[in-house]
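# Structural description and commentary
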Amino acid sequence: MDFSNFLAFFTNSGFAYFTWQHILMLFIGSILIYIAIVKHAEPLLLIPIGFGIILANIPPEVTGLLNPPTSNQVGGLLWYIQRGMFLGIYPPLIFLGIGALTDFSYLIADPRLIFLGAAAQVGIFGTFVVANLIGFNIKSAASIAIIGGADGPTSIYLASRFSPELLAVIAIAAYSYIALIPILQPPVSKLLTSKDERKIRMKKMRHVSRKEKIIFPIATTIVVALLVPKALSLVGLLMLGNLLKESGVTKRLAEAASRFILDSVTILLMLSVGSTARADLFLKPTSLKIFLLGAVAFIIAMTSGILFAKLMNLFSKNKINPLIGAAGVSAVPDSARVAQTVAQSEDPSNFILMHAMGPNVAGVIGSAVAAGVFLSILS
């Protein structure tokens, strides 16, 4: 091979466009994959995100994976995959699958727990104010604030509409903090509760009938549609999935939604998120601010839920273990499991998992409604 041929080969390879920023992003993608495999931290999410980062940061000038279509040429594979994210198709389908997996009977059995899920949304609105005050425009502040709901699909859904240039950072921050719930939640919970409060035993939940389980998703859809219509694409699909599960006559559809659709769309959505994390968009001081605001949002959300549970105990005969207030974020069922773990560290015979699932599933609805509020006001 003579020098001219070598030069032609080099200029058409990725090495000709490689920069230290690309190398750093490849390292970040590899680290996410390592954490997912070795630490078992949300592997279903972090592995496709990490691999998407790697694909997007092999210089796209030579791969063409991110090229939009033109009149003379079709677009790149990742460009087409990303359309489902930017057009708002993937997040509602994720909610469909989550609904088919979720048992709302804990919330139906003790409706007051919905207030704990609502209280945790203070993290969203508080962070919205802070983000706006430190320089983010109002739509970007809303997109960042949703991280506090511990709801990755909703964060993506709102960011794709308000701040697509921040989508990758917001999504990766959201899923990173979801993975860190076992680390973040216990110290916050222990700091804000006494030993006696952590030992509170809650009464056994009543049995919820099949009729109640069927009525709940229908009634919730109607109420949310009337109050916050912009939240319907998320809440409506969530409740459809749950109705398929609880109706008892659509087992195949519930299985399809909870397994095949959810798993397939998870791969596509996470790959889309990772592939938007290009070096030129991701490596900015703004990204660090978003990660810090995400941590603030999470802590405020957990704190609000715990403090509101303590407030409810001042007026309630049936005491609530304040630990379940921290489960008001919508990371189902991780935050509920952590609440159970913290409670059993004080009293191994105390079981609050089912009670913690109440505010946990309420948080799923709450974060979607919060996104709908932002869409209604700011669109």
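Residues numbered from 1 in each chain as written. Predicted model: local features only at pLDDT ≥ 70, side-chain atom pairs only at ≥ 80, totals over all residues. Heavy atoms only, no water.

### Points about the packing of helix α6 (residues 90-101) against helix α16 (residues 232-246)
- Axis separation between α6 and α16 bottoms out at 6 Å; the angle between their running directions is 35 degrees. Classified by chirality, the crossing of α16 by α6 is right-handed. On α16, the residues touching P91, P92, F95, L96, I98, G99, A100 and L101 of α6 are S233, L234, L237, L238, L240, G241, N242 and K245.
- Here the contact of α6 with α16 is built from residues that sort into 11 nonpolar, 4 polar and 1 charged. (Axes fitted to C-alpha atoms, helices over the stretch in contact; angles between N-to-C directions. Helix = DSSP H or I, 4+ residues; strand = E, 2+ residues; numbered from the N terminus. Left-handed = near helix turned anticlockwise from the far one by under 90°. Contact = heavy atoms within 4.5 Å. Nonpolar A, V, L, I, M, F, W, Y, C, P; charged D, E, K, R; others polar.)

### Let's talk about the pattern of salt bridges
- Taken as a whole and judged by the stated rule, the model has 8 salt bridges.
- In this structure, D347 and R201 form a salt bridge, with 2.9 Å as the shortest nitrogen-oxygen distance. Of this pair, D347 sits in the loop between α20 (334-346) and α21 (353-378) while R201 sits in the loop between α14 (195-198) and α15 (210-227), and the two are 146 residues apart along the sequence.
- You can call D347 buried: its relative accessible area is 15%. (Salt bridge = Lys/Arg side-chain N within 4 Å of Asp/Glu carboxyl O. Buried < 20%, exposed > 50% of the residue type's maximum accessible area, 1.4 Å probe, protein only.)

### Quick word on the packing of α16 against α21
- Between α16 and α21, whose axes approach to 8 Å, the crossing angle comes to 155 degrees. Judged on the interaxial angle alone, α21 and α16 are roughly antiparallel. In this structure, α16 contributes L234, V235, L238 and M239 to the contact, and α21 contributes V364, I365, A368 and V369.
- In the contact of α16 with α21, the residues fall into 8 nonpolar, no polar and no charged. (Parallel < 35°, antiparallel > 145°, perpendicular 65-115°, else oblique.)

### Focus on the side chain of S316
- Relative to the helices and strands, S316 is located in the loop between α19 (285-313) and α20.
- A distance of 3.0 Å separates polar atoms of two side chains, one belonging to S316 and the other to R112. (Polar contact = N/O pair within 3.5 Å; in protein donor to acceptor, adjacent residues only side chain to side chain.)

### Section: unusual backbone geometry
- Look at the link from V332 to P333: it is a cis peptide, with omega at -10 degrees.
- One can find P333 in the loop between α19 and α20.

### Here's the deal with the confidence of the model for the protein chain
- Overall, the predicted model of the protein chain reaches an average pLDDT of 91, with 96% of residues at or above 70.
- Across the protein chain, the element-wise mean pLDDT spans from 59 in helix α1 (residues 3-11) up to 97 in α16. (pLDDT = per-residue confidence, 0-100.)

### Focus: α16
- The terminal C-alpha atoms of α16, which comprises 15 residues, lie 20 Å apart, in line with the 21 Å expected from a rise of 1.5 Å per residue.
- The elements touched by buried residues of α16 are α6, α11 (152-162), α15, α17 (251-275) and α21.
- Backbone geometry just downstream of α16 places G248 in the positive-phi region, at approximately 85 degrees. (Expected span 1.5 Å × (residues − 1).)

### Some thoughts on the side chain of E197
- Note that E197 resides in helix α14.
- Within the structure, E197 has its side chain in polar contact with the side chain of K310 (distance 2.8 Å).
- Leaving out residues up to four positions away in the same chain, E197 has contacts with L192, K310, N321 and P322.

### Regarding the nonpolar core
- Ranked by internal contacts, the top residues of the largest apolar core, which has 99 residues, are I147, I156, V273 and F374.
- Counting residues per element, this core draws most heavily on α21, at 12 residues.
- Each residue touching I156, except ones within four places of it in the same chain, is listed here: M85, P91, L167, A171, Y175, L269, M270 and V273. (Core = buried A, V, L, I, M, F, W, Y, C linked by side-chain atoms within 4.5 Å.)

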